[in-house]
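Close look at the chain arrangement
Chain by chain, the residues run as shown.
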Amino acid sequence: MFEKLEMAPADPILGLTEAFNKDPNPNKINLGVGVYKDEAGSTPIMNSVRKAEKLLVDTEKTKSYLPIPGAPAYGKVVQELVFGKGSKVMACTAQTPGGTGALRIAGEFLKKLKPNAKVWVSDPTWPNHNGVFAAAGFPVGKYAYYNPQTCSLNFDGMLASLKGMTPGDIVVLHACCHNPSGIDPTAEQWKQIAAVSKEKDLFPLIDFAYQGLGRGLEEDAEGVRILAAAVPEMIVCSSFSKNFGLYNERVGAVTLTAATQDAVDKAFSHLKITIRVIYSNPPSHGGSIVTTIMNNPELRREWETEVAEIRQRIKQMRELFVSTLKAKGVKKDFSFLTTQYGMFSFSCLSDDQVKTLKDKYGIYIVGGGRMNVAGMTKANMEPLCNAIAEVLK
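Below: a short report on this structure.

Rules of the game
Residues numbered from 1 in each chain as written. Predicted model: local features only at pLDDT ≥ 70, side-chain atom pairs only at ≥ 80, totals over all residues. Heavy atoms only, no water. Buried < 20%, exposed > 50% of the residue type's maximum accessible area, 1.4 Å probe, protein only. Helix = DSSP H or I, 4+ residues; strand = E, 2+ residues; numbered from the N terminus. Pairing = 2+ DSSP bridges. Right-handed = clockwise from strand over helix to strand, strands pointing away. Axes fitted to C-alpha atoms, helices over the stretch in contact; angles between N-to-C directions. Phe/Tyr/Trp six-rings, centres within 6.5 Å; stacked < 30°, edge-to-face > 60°. Lys NZ or Arg CZ within 6 Å of the ring centre and 35° of its normal.

1. Things to note about the pairing of strand β4 (residues 140-144)
Burial along β4 is one-sided: Gly141 and Tyr143 are buried, while Val140, Lys142 and Ala144, pointing the other way, are not. Pairing of strand β3 (residues 119-123) with β4 involves 5 bridges; the strand directions are parallel. Bridging from a neighbouring strand, Asp123 pairs with Ala144 of β4. Handedness of the crossover joining β3 and β4 through helix α5 (residues 127-135): right-handed.

Okay, here's the thing in structure tokens:
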């Protein structure tokens, strides 16, 4: 059977990293995969994480299974991050293997409750959204989001798309640091999104992968909290790969909200059945790190400082990239990058230009021109901008 299979296509993002790793060019630059790099080009372990891990090693007493939804203390700190301290939102949270695991569990769970619904993702979106929800059995459609002519949010088109959806449909929204465009709605626009979602009886499914990397930990939750106050039910899928640097620990969460505690408890009982037949219960270590940091005032302050440093470095790289291109005489205006948030931006480079950057200069950018701004450093900025200036001629 296996001998008859054709080779499956490489993942458009992870496959790019495989090609990068095989490239012998000593000056190669990877702006593809969504991993934060510091000024030295490394993906560091946060000091707060190291200290939390030491505490865990010193105090851990068992390797027994966690409950199906993970430790209750983890769910509590996740809800505090998402909804704010003292929130009255009726919610239940389960720990998942990363943000992708949260999305996949949400998809399987919703397919049982809403078998005839359609899932809508932004145009463009993180490519894996399409695969995750198609694998759960949903038809997947696109709603208007990005205007390539102005490199800005097509908000009128977005609202029109939402108003055209069928009641009961599921709309996937990026809480902040939209991947791949870096463009987020304003608070006022989130209020309009929430109003249309309520009016059309849409079900919001929020992908919250970059809290703290946009405007701040509280500010980046603004849209989620506006939606939670407006709609009776929704799901939030969190990831702590980026803001805790826990990429290989696969730490995520899926959080259900409902109008009453009784409703959310009943829904959660069904979510746990979904989890049980997929991976049974989550790993402990990564979630314990998050819980330890959040519940230790000293570690939490240190972590918040480290997140702010990441956020500021990304902002500085955006500004340096724009000013360096301008200094090299590039006529195209890239200033739109400085108004965007998070790790990603569209470069507005064509697929042919992206291919030339890879083949000629060893610069790896995802097809469509999405760049990981967090992969830029002061050291690689000159060769990067020189190469882009050449392909733009």
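There's more to say after this.
2. So, the sheet that holds β3
The strand order across the open sheet built from 7 strands is β2-β10-β9-β8-β7-β3-β4, with neighbouring strands paired in mixed fashion. With one partner strand each, in any of the chains shown, β2 (90-97) and β4 form the two edges of the open sheet. Adjacent strand axes in the sheet meet at a mean angle of 25 degrees, parallel and antiparallel pairs treated alike. The sheet contact formed by strand β8 (residues 203-208) and strand β9 (residues 234-239) spans 4 bridges and is parallel. Opposite Ile206, over in β9, you have Val236 as the bridge partner.

3. Some points on the packing of aromatic side chains
Applying the stated criterion to the full structure yields 8 aromatic pairs. On the basis of an interplanar angle of 90 degrees and a centroid distance of 5.4 Å, the ring pair of Phe20 and Tyr364 is categorised as edge-to-face. Taken together, the positions of Phe20 in helix α1 (residues 14-22) and Tyr364 in strand β12 (residues 363-364) put the pair 344 residues apart, joining distant regions of the chain. Seen from their ring centres, Tyr74 and Phe240 are 6.3 Å apart, and the 90 degrees between their planes marks the pair as edge-to-face. Here Tyr74, found in helix α3 (residues 72-83), pairs with Phe240, found in the loop between β9 and β10 (251-258); they are 166 residues apart in sequence, far enough to count as distant. Here Tyr74 matches Phe240 in class, with each residue buried. Here the aromatic residues Tyr74, Phe240, Phe244 and Trp303 are joined through ring pairs into a cluster of three or more. Of note, Lys111 hangs over the ring of Phe138, and the distance from its end group to the ring centre comes to 5.0 Å.

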